[in-house]
Amino acid sequence: MNHFVKSKASVKNKIIAMATMCALCLSACGTDKKVEEEAQKVVRMVENNDMKSLEKLLFETNELSEDEELSDFFETEDEETDDNGVIAKIVAHDSLKIKKITDDKIIYEINSPNLENMLQDVMANEKVTQENFEKSVYDYIELADMKKVKVDVPYTYENKLFTADYATEEFVNGITGNMMSSYQKLVQEMISENSVEDAE
């Protein structure tokens, strides 16, 4: 009789354990699915060249959005369209893939034009003038080699609320082919040159 009771209790414990595991798995699967859905939204932004959504995602909470000169540089000529801004020209060449989702980050693979020296190269070209500067930048983007990078985007998913930080230097550089670094480097060079001139 005792053996029967013990066996019954053992089976009951196994059922409880299995039910707990199933509940945890279902909860995790639900979380993973929600996070993947949110991550895919960004992939679609790039695929569809949805610049309004991308610029809000990348710059609205980033200090780059407060840089008036940078904002002017990326401004589209026609407010009715998003296809003739510098970033839009870059994103048109981009591809974005989700490589992996962990408990606290989304790992993307970004394939974008390699523009880490673009502004320096364009500025150094003696044939570039104020009139053809924009065209020279666009031509550079068209001819640039493509470069793949993996970027981690930290996220949280608590109480069914998803938040992720895409406004990082790493992700912005990935999407823009390191052009942000090129811009910041150029600004520093100009500041240094002005400092030398002032000292003289």
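Please refer to the structure placed before this passage.
Note that the structure is predicted; figures quoted are calculated from it, not measured. (Residues numbered from 1 in each chain as written. Predicted model: local features only at pLDDT ≥ 70, side-chain atom pairs only at ≥ 80, totals over all residues. Heavy atoms only, no water.)

Enquirer: Before we move on, could you go through the overall build of the protein chain and cite the residues and values that matter?
Expert: In terms of regular secondary structure, the protein chain is built from eight helices and four strands. The long-range fraction of contacts in the protein chain, counting pairs at least 24 apart against all pairs at least 6 apart in sequence, stands at 68%. A total of about 13,300 Å² of accessible surface is found on the protein chain, and carbon and sulfur atoms cover 51% of it. (Helix = DSSP H or I, 4+ residues; strand = E, 2+ residues; numbered from the N terminus. Contact = heavy atoms within 4.5 Å. Areas by Shrake-Rupley, 256 points an atom, 1.4 Å probe, with all protein chains shown as cover.)

Enquirer: Quick rundown of the nonpolar core? Include the residues and the values.
Expert: Ranked by internal contacts, the top residues of the largest apolar core, which has 26 residues, are Ile106, Tyr108 and Phe171. Those elements that place two or more of their residues in this core are helix H1 (2-47), helix H2 (51-59), helix H4 (86-91), strand E2 (105-113), strand E3 (146-158) and helix H7 (169-175). Looking at this core element by element, the count peaks at six residues for H1. Aside from chain neighbours lying at most four places away, what touches Phe171 is Val42, Leu58, Tyr108, Ile110, Val151, Val153 and Tyr166. Within the second largest apolar cluster, 14 residues are counted, among which are Ile90, Met118, Val122 and Tyr183. (Core = buried A, V, L, I, M, F, W, Y, C linked by side-chain atoms within 4.5 Å. Buried < 20%, exposed > 50% of the residue type's maximum accessible area, 1.4 Å probe, protein only.)

Enquirer: Let's hear about the environment of Phe171: which residues, and what values?
Expert: Summarising the element assignment, Phe171 is placed in helix H7. Here the alpha-carbon distance between Phe171 and Val149, two residues 22 residues apart in the chain, equals 9.7 Å.

Enquirer: Tell me about the environment of Val122, and please be specific about residues and values.
Expert: Relative to the elements of secondary structure, Val122 occurs in helix H5 (residues 118-124). Sequence-wise, Val122 and Ser136 are 14 residues apart; in three dimensions their C-alpha atoms are separated by 6.8 Å. Not counting the four nearest positions on each side in its chain, Val122 is found in contact with Val128, Phe133, Ser136, Val137 and Tyr140.

Enquirer: Which residues make up helix H6 (residues 133-143), and what values go with them?
Expert: Because each turn of an α-helix spans 3.6 residues, side chains separated by three or four positions in sequence point in the same direction. Every buried residue belonging to H6 is among Ser136, Val137, Tyr138 and Ile141, and all of these are buried. Along its buried surface, H6 packs onto H4, E2 and H5.

Enquirer: Go over unusual backbone geometry, please, and point to the residues and values.
Expert: Even without being a glycine, Asn159 presents a positive backbone phi close to 50°. Position of Asn159 relative to the elements: it lies in the loop between E3 and strand E4 (161-164). Judged by relative accessible area, which is 79%, Asn159 ranks as exposed. Of note, the phi angle at Asn178 is positive, near 70°, even though the residue is not glycine. Within the secondary structure, Asn178 is located in the loop between H7 and helix H8 (179-199).

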